[in-house]
Amino acid sequence: MEVRDTGHYTEEYIPGFVEKWDSLIDWERRRQSEGSFFVDLLRKRGVKSILDVATGTGFHSVRLLDAGFETVSADGSADMLAQAFDNGVRYGNHILRVVQADWRWLNRDVHGQYDAIVCLGNSFTHLFSERDRRRALAEFYAMLKHDGILVLDQRNYDAMLDRGFSTKHTYYYCGEDVAVEPEYLDDGLCRMRYTFPDDSVYHLNMFPLRKDYTRRLMTEVGFQHVETYGDFQHTYREEQPDFFVHVAEKE
Ligand code: SAM
C-alpha cells in the first residue's frame, strides 16, 4: 500500500501475470465484448494514422491493424512489447511497429504526428502524480496533428469512491474467468486483486481517477473539447458503467 509511484508499472506487469492474462482472456471473446466501438469512432472521424501508447500485449494494436489503420505500437515495458509482437503475428499476421517509450518522454522516442492517440485498457491510471499525468497528456497533445484526437479510457472510480469501497463487488472480466476485486481504496490508491481460475493471485496498484478530474486535466493541457462516453459493454453489469471513454479533440 506504500507503492504510489508512476515508475512501478514496469515491475507489476511481470511475465507470469501477462502470460496468464493473455492465455485466459480469449481475444475473440474480448473482441466481442468490446464490439466495434473504437473502430467506428475512429473511422467516423476520418482517422488514418494511430499511435497506441499503451500497447500492452497488443490487443488494441492488432484490432486497429485489422481494421486497416496505420498503427505504431508504443509501451514503456519491453516485456509487453515482446509479447505484443508475437501476438501480432499470431492473431493477425501483422508485423507490429513497436517502440519502447515512457509517456512522460514520448516525443523523445517516438517520431511523427498522428491523427489519433489511443490509451486504452485503463492504462492512464498507472500515473501516480499529477505532474506525471499533466506531462503525459502534454506529450500526447504534442504528437497529434492539429485536428487529432486522444481516446483514453478509465475505470469508473467515482462509483467505487462514492458508494463506499466494498470488497463484495467483484468485477468479472470477460465473463467469469478473472475476478477483479478492489482490495484497498483511498483517494490516492486503488489496489486491485486479480484472481485466476487456478487460484493464483496478482495485484496492481492504480490511481483512482475521478471522471471530471481527468476531463479537467485534458482541458488544462490544451484539448479544446472532451466528450465522455459511459462504457462500451466491456464489463457492464450494473446500472452504472464500469468504464468511461474520453475523446479529447485538439482543435
Ligand atoms: N491496451 C492494452 C489492453 O487493453 O490490453 C494494454 C493495457 S495495460 C493495462 C497498460 C500498459 O500501459 C502496460 O503495458 C504498461 O506497461 C503501460 N504503461 C503504464 N505506464 C506507462 C508509462 N508511464 N509509459 C508507457 N507505458 C506505460
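Now for a description of the structure that goes with this document. (Residues numbered from 1 in each chain as written. Predicted model: local features only at pLDDT ≥ 70, side-chain atom pairs only at ≥ 80, totals over all residues. Heavy atoms only, no water.)

### Here's the deal with the packing of helix H8 (residues 130-142) against helix H10 (residues 211-220)
Moving on, step 1. The contact between H8 and H10 brings their axes to 9 Å, and the two run at 55°. With respect to their mutual orientation, H8 and H10 come out oblique. Like other packed secondary-structure pairs, H8 and H10 cross with a definite hand, here right-handed. Contact with H8, carried on its side by Glu130, Arg133, Arg134 and Leu137, involves Tyr213, Arg216, Leu217, Met218 and Glu220 of H10 and no other residues of that element. (Axes fitted to C-alpha atoms, helices over the stretch in contact; angles between N-to-C directions. Helix = DSSP H or I, 4+ residues; strand = E, 2+ residues; numbered from the N terminus. Parallel < 35°, antiparallel > 145°, perpendicular 65-115°, else oblique. Left-handed = near helix turned anticlockwise from the far one by under 90°. Contact = heavy atoms within 4.5 Å.)

### A look at the packing of aromatic side chains
When we look at a pair of aromatic rings, we describe it by the centre distance and by the angle of the planes.
Moving on, step 1. Overall, the coordinates contain nine aromatic pairs when judged by the stated rule.
Moving on, step 2. Between Tyr141 and Phe223, the aromatic rings sit 5.0 Å apart at their centres with planes inclined by 85°, giving edge-to-face as the arrangement. Here the residue Tyr141 occupies a position in helix H8, and Phe223 occupies one in the loop between H10 and strand S10 (225-230), the gap between them amounting to 82 residues.
Moving on, step 3. Following the ring pairs from residue to residue traces out a cluster consisting of Trp27, Phe59 and Tyr91. (Phe/Tyr/Trp six-rings, centres within 6.5 Å; stacked < 30°, edge-to-face > 60°.)

### Considering helix H6 (residues 78-92)
Moving on, step 1. The terminal C-alpha atoms of H6 lie 21 Å apart, and with 15 residues this matches the ideal 21 Å at 1.5 Å per residue to within 8%.
Moving on, step 2. Along H6, the residues classified as buried are Met80, Leu81, Gln83, Ala84, Asn87 and Gly88.
Moving on, step 3. Just downstream of H6 lies Asn93, where phi reads positive at about 60°. (Expected span 1.5 Å × (residues − 1). Buried < 20%, exposed > 50% of the residue type's maximum accessible area, 1.4 Å probe, protein only.)

### With respect to the sheet that holds strand S4 (residues 114-119)
Moving on, step 1. Pairing within the open sheet is mixed, and its seven strands lie in the order S3-S2-S1-S4-S5-S11-S10. Two strands lie at the open edges of the sheet, namely strand S3 (97-100) and S10, each paired on one side alone. Across the sheet, the mean angle from the axis of one strand to that of its neighbour is 20°, orientation sign disregarded.
Moving on, step 2. With four bridges joining them, strand S2 (residues 70-75) and S3 adopt parallel strand pairing. Along S3, the bridge assignment pairs Ser73 with Val98. (Pairing = 2+ DSSP bridges.)

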